[in-house]
Amino acid sequence: AAARLAGIDVCPLLQEPVAAAMAYGYEAERLSGHLLVFDLGGGTFDTTILTAQEGRLVVVGHSGDDKLGGKDYDWALVDFIVTQITEEFGEVGLRRGNPEARRAMAKLKYLAEEAKKTLSVLPTVTVDVNHLGEDYEDIDTAVEITREKLINATEPLTRRCIGISSRLLSDCRL
């Protein structure tokens, strides 16, 4: 309404999963049937079922979790790294919510995110954990992470995504 009052032409916005399907080059004219768009963003997970009808993509159903995203995968990997550090150095107070560990946890989050990216192209990565801050100067180690370890660390999150997608398929009778 504000745009119209300002003399701005208004056009409908596409839902993000529809835009994602189009951006990946799906051409509705060539499709028939249903598509499931699995959109795991940085902070949210969305899944949408589209159907290709008469040259158009039509949204059949949508679901998601606004508290589940790629950042959660990063934190699951941080938890794995902290477990490895704890096994080597004992309990050192590395955990979210510990104000003294804020800088160290931020660095571990960065290292985990970079490791996750590397594991998308390589089967294993070694994370050098050091210089975490004055309270953690004694920590100087290397943590090897494989794709399998990443998958195991993030399995509960992936199961949540699959559960949401399965419920959406069921709700749409597919």
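Note that residues are indexed from 1 along each chain, following the sequence as it is written. Owing to the predicted nature of the model, reporting of local features is limited to residues with pLDDT of at least 70; listing and counting of side-chain atom pairs is limited to 80 or more, with chain, interface and lining totals taken over all residues. Just so you know, side-chain values use all the structure's heavy atoms and leave hydrogens and water out.

Participant: I keep staring at unusual backbone geometry and nothing clicks. Help me out?
Facilitator: If a residue is not glycine, its phi is most likely negative; likewise, a peptide bond is most likely trans. Even without glycine at this site, histidine 131 takes up a positive phi of about 50°. Notably, arginine 173 is not glycine yet its phi reads approximately 55°, a positive angle. Only runs of H or I of at least four residues qualify as helices and only runs of E of at least two qualify as strands under DSSP, and these elements are numbered from the N terminus. Tracing the sequence through the fold places arginine 173 in the segment after helix H5 (147-171). Summary of the burial criterion: residues with accessible area below 20% of their type's maximum are buried, those above 50% are exposed, and those between are partly exposed, where the area comes from a 1.4 Å probe applied to protein chains only. Note on arginine 173: relative accessible area 77%, which makes it exposed.

Participant: Would you take a moment to explain helix H4 (residues 102-118) for this structure?
Facilitator: Under the 1.5 Å per step criterion, the end-to-end length of H4 is 24 Å for 17 residues, consistent within 8% with the ideal 24 Å. Those residues of H4 that fall on the buried side of the exposure criterion are Ala104, Met105, Leu108, Lys109, Leu111, Ala112 and Ala115. Under the convention used throughout, the expected extent of a helix is 1.5 Å for every residue step, that is, one less than its residue count.

Participant: Would you explain the environment of aspartate 74 in this entry?
Facilitator: Relative to the elements of secondary structure, aspartate 74 occurs in helix H3 (residues 70-89). Sequence-wise, aspartate 74 and leucine 111 are 37 residues apart; in three dimensions their C-alpha atoms are separated by 9.0 Å. Looking at aspartate 74, its side chain comes within polar contact range of the side chain of lysine 109, at 3.4 Å. Throughout this description, a polar contact denotes any pair of N or O atoms lying within 3.5 Å of each other; where both atoms belong to protein, one of them has to be capable of donating a hydrogen while the other can accept it, and for residues adjacent in sequence the pair is counted only when both atoms sit in side chains.

Participant: Sorry, what's going on with the pairing of strand E3 (residues 56-65) here?
Facilitator: Moving residue by residue along a regular strand, the side chains alternate between the two faces of the sheet. At least two DSSP bridges between two strands are required for those strands to pair. When strand E2 (residues 45-53) meets E3, the two strands line up antiparallel, connected through nine bridges. Pairing of phenylalanine 45 across the sheet is with aspartate 65, part of E3.

Participant: Looking at this structure, how should I read the packing of H3 against H5?
Facilitator: How two helices sit against one another is set out by the angle between their axes and by the gap between those axes. Only the stretch in contact is used when fitting a helix axis, every axis being a line fitted to C-alpha atoms; angles between N-to-C directions are given from 0 to 180 degrees. Their axes nearest at 9 Å, the elements H3 and H5 cross at an angle of 145°. In the packing of H3 onto H5, the handedness of the crossing is right-handed. Packed against H3, whose contacting residues are Asp72, Tyr73, Ala76, Leu77 and Phe80, the element H5 presents Lys149, Leu150, Ala153, Thr154, Leu157, Thr158 and Cys161 at the interface. Under the grouping applied here, Gly and all other residues not named as nonpolar or charged are polar, the nonpolar ones being Ala, Val, Leu, Ile, Met, Phe, Trp, Tyr, Cys and Pro and the charged ones Asp, Glu, Lys and Arg. Residue composition of the contact of H3 with H5, grouped by class: eight nonpolar, two polar and two charged. Two helices cross in a left-handed way if the nearer one is turned anticlockwise from the farther one by less than a right angle. They cross in a right-handed way if the turn is clockwise. Residue contacts are counted whenever heavy atoms from the two residues lie within 4.5 Å of one another.

Participant: I'm lost on a negative patch on the surface in this one. Help?
Facilitator: Side chains of Glu100, Glu134, Asp135, Glu137 and Asp138 sit close together on the surface and give a patch of like negative charge. Relative to the helices and strands, glutamate 100 resides in the loop between H3 and H4. Taking the relative accessible area as the measure of exposure, glutamate 100 reaches 54% and is therefore exposed. For patch detection, residues must exceed 30% relative accessible area and be free of salt bridges, and they are connected within 9 Å for like charges or within 5 Å for nonpolar side chains (Val, Leu, Ile, Met, Phe, Trp, Tyr). To be clear on the numbers: accessible area is Shrake-Rupley with a 1.4 Å probe, and residue cover counts the displayed protein chains and nothing else. Each salt bridge in this description consists of a side-chain nitrogen of Lys or Arg and a carboxyl oxygen of Asp or Glu lying within 4 Å of one another. In this tally Asp and Glu are treated as negative and Lys and Arg as positive; neither His nor the chain ends contributes. To locate a charge, the coordinates of NZ of Lys, CZ of Arg, CG of Asp or CD of Glu are taken.

Participant: When you look at the sheet that holds E3 in this model, what are you seeing that I'm missing?
Facilitator: For sheets, the rule is that strands pair by backbone hydrogen bonds, running either parallel or antiparallel. What the three strands build is an open sheet, ordered E1-E2-E3; its pairing is antiparallel. Looking along the sheet, the strands with just one partner apiece sit at the ends: strand E1 (33-40) and E3. Strand after strand, the sheet turns through a mean of 20° between neighbouring axes, direction not considered. Against the sheet, H5 contacts E1, E2 and E3, and its axis sits at roughly 35° relative to E2.

Participant: Looking at this structure, how should I read the pattern of salt bridges?
Facilitator: Applying the stated criterion across every chain yields a total of eight salt bridges. The salt bridge involving aspartate 65 is made with arginine 160; its shortest N-O contact spans 2.7 Å. Here aspartate 65, found in strand E3, pairs with arginine 160, found in helix H5; they are 95 residues apart in sequence, far enough to count as distant. For aspartate 65, a relative accessible area of 17% corresponds to the buried category. You can call arginine 160 partly exposed: its relative accessible area is 36%. Its salt-bridge partner being lysine 67, residue aspartate 66 comes within 3.8 Å of it at the nearest N-O pair. We note that aspartate 66, like lysine 67, is exposed. Counted as one network, the salt bridges with shared partners bring together Asp74, Lys109 and Lys116.

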